[in-house]
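# Coordinate inspection notes
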Amino acid sequence: MRSNVLSTLFTLITITVTSVLSVPFNVTTIHPRASQLGCGSNPSPSEVRAMESQFRELLRADEEARMPPTDPPIPDDPDPPTPPPGPPKPASVNVVWHNVYASTQAGNVGWLSDDLINKQMAQLNRDYRGLFTFKLTKINHVLNNIWHDKADTGNAEEAAMKKALRVGGPETLNIYSISMKSSSFIGYSSFPQDYNGNKVNDGIIITYTVLMNGGRPEYSLGRTLTHEVGHWTGLFHVFQGGCADGDGLSDTAPQAGPNFGCPTFADSCPGGRVDNIHNYMDYTNDACRTQFTKQQKARMSDMCRFYRNIYP
């Protein structure tokens, strides 16, 4: 019986992904103040509604699949009580890092040492401890001046780079570090729901200047990658819906817009709940961003189960 329900769940996933994502979500709608940070993962309100509707359907089907029978049979010789389960193990995510650099008269630009990439991955694992374990399976150093300088969301250079380099399925995180000097962004990510509509596009693009010790003091602790991985695992910005709708989670306060710097206090919406200035999905400085909420963690876990075949 349970297997039949689960089969129905995965059929529902296939149907909804095919119908809703026949046109990939646009991640380039820029929030009025987003250019100060330049995260390009900003779906429009209509796209968010479609994404949330689909996600809620999958949650309901998943809950039904997990429900025990209404009248379970009573065994003649019951087993001793099962001890309560311990905390779930972190889900494992394979990562391939594509370090796309350029060659100039002054030397190589954007080339990252394996040691720096490993330190950035260690920070990522600290920020996601208990939820995900990111395993760096390959570092791919690629010399290509055009991709390094010009790849940007939706353009031909991005498409060519990803077509040539991307590996794995929805469960593999592909990270592309480039300069993004022709872009108004410093990073952006696809969402889990995007995968079936555009498999090659799945992954994260980030400028090397906001990685650990990358040259920007306010973003030198590696939290921009933590932020973008939040999108890759299904989170919106905490200011996504503004004061009216929020980001769909009750334990992140509605927020009128992004915060910058490292404020000691911010309260941009009426109702008495303060802004999420310490949340990884705001735009504050790296030193200020230190947490995900309980519901954000649950959402990332569910999104990865439904869309990326990533399980604890």
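Preceding this section is the structure that the text describes.
I will try to describe carefully the structure that is included in this document. It should be emphasised that the depicted structure is a prediction, and the values quoted were computed from it without experimental measurement.

### A few points about the overall build of the protein chain
Within the protein chain one finds eight helices and six strands. Secondary structure elements in the protein chain, listed N-terminal to C-terminal, are α-α-β-β-α-β-α-α-β-β-β-α-α-α. Counting all 312 residues of the protein chain, 50% fall into the buried class. Sequence-distant contacts in the protein chain: of pairs separated by 6 or more residues, those separated by 24 or more amount to 70%. When the accessible area of the protein chain is evaluated, it comes to approximately 14,800 Å², of which 55% is carbon and sulfur surface.

### Comments concerning the pattern of salt bridges
Under the criterion given, the structure shown has 12 salt bridges. Asp-115 is the salt-bridge partner of Lys-119, the closest N and O atoms lying 3.3 Å from each other. One end of the pair, Lys-119, and the other, Asp-115, are both in helix α3 (residues 114-127), four residues apart, so they sit about a helical turn from each other. Among the salt bridges present, the one from Lys-181 reaches Asp-149, with a minimum N-O distance of 3.8 Å. Residue Lys-181 is located in the loop between β4 (172-178) and β5 (187-189), and its partner Asp-149 is located in helix α4 (residues 145-150); the two are separated by 32 residues in the primary sequence. Residue class for Lys-181 comes out exposed when judged on its relative accessible area of 62%. Judged by its relative accessible area of 18%, Asp-149 is buried.

### Let's talk about helix α5 (residues 156-165)
Regarding α5, the residues found buried are Glu-158, Met-161, Lys-162 and Leu-165. The arc that holds every buried residue of α5, seen down its axis, measures 90°, which confines them to one face. Facing away from the buried side of α5, by more than 90 degrees, are the exposed residues Ala-156, Lys-163 and Ala-164. In this structure, the buried side of α5 is in contact with β1 (91-104), β3 (132-143), α4, β4, β5 and β6 (204-207).

### Comments concerning the state of the cysteines
Following the criterion strictly, the structure yields one disulfide and no others. A sulfur-sulfur separation of 2.0 Å characterises the disulfide bridge that pairs Cys-243 with Cys-269. Taking the torsion about the sulfur-sulfur bond, which here is approximately -90°, the covalent link between Cys-243 and Cys-269 counts as left-handed. Taken together, the residues span a long stretch of sequence, with Cys-243 in helix α7 (residues 242-245) and Cys-269 in the loop between α7 and α8 (294-308) at a distance of 26 residues.

Calculation criteria
- Residues numbered from 1 in each chain as written.
- Predicted model: local features only at pLDDT ≥ 70, side-chain atom pairs only at ≥ 80, totals over all residues.
- Heavy atoms only, no water.
- Helix = DSSP H or I, 4+ residues; strand = E, 2+ residues; numbered from the N terminus.
- Buried < 20%, exposed > 50% of the residue type's maximum accessible area, 1.4 Å probe, protein only.
- Contact = heavy atoms within 4.5 Å.
- Areas by Shrake-Rupley, 256 points an atom, 1.4 Å probe, with all protein chains shown as cover.
- Salt bridge = Lys/Arg side-chain N within 4 Å of Asp/Glu carboxyl O.
- Arc of directions from axis to C-beta.
- Disulfide = S-S within 2.5 Å.

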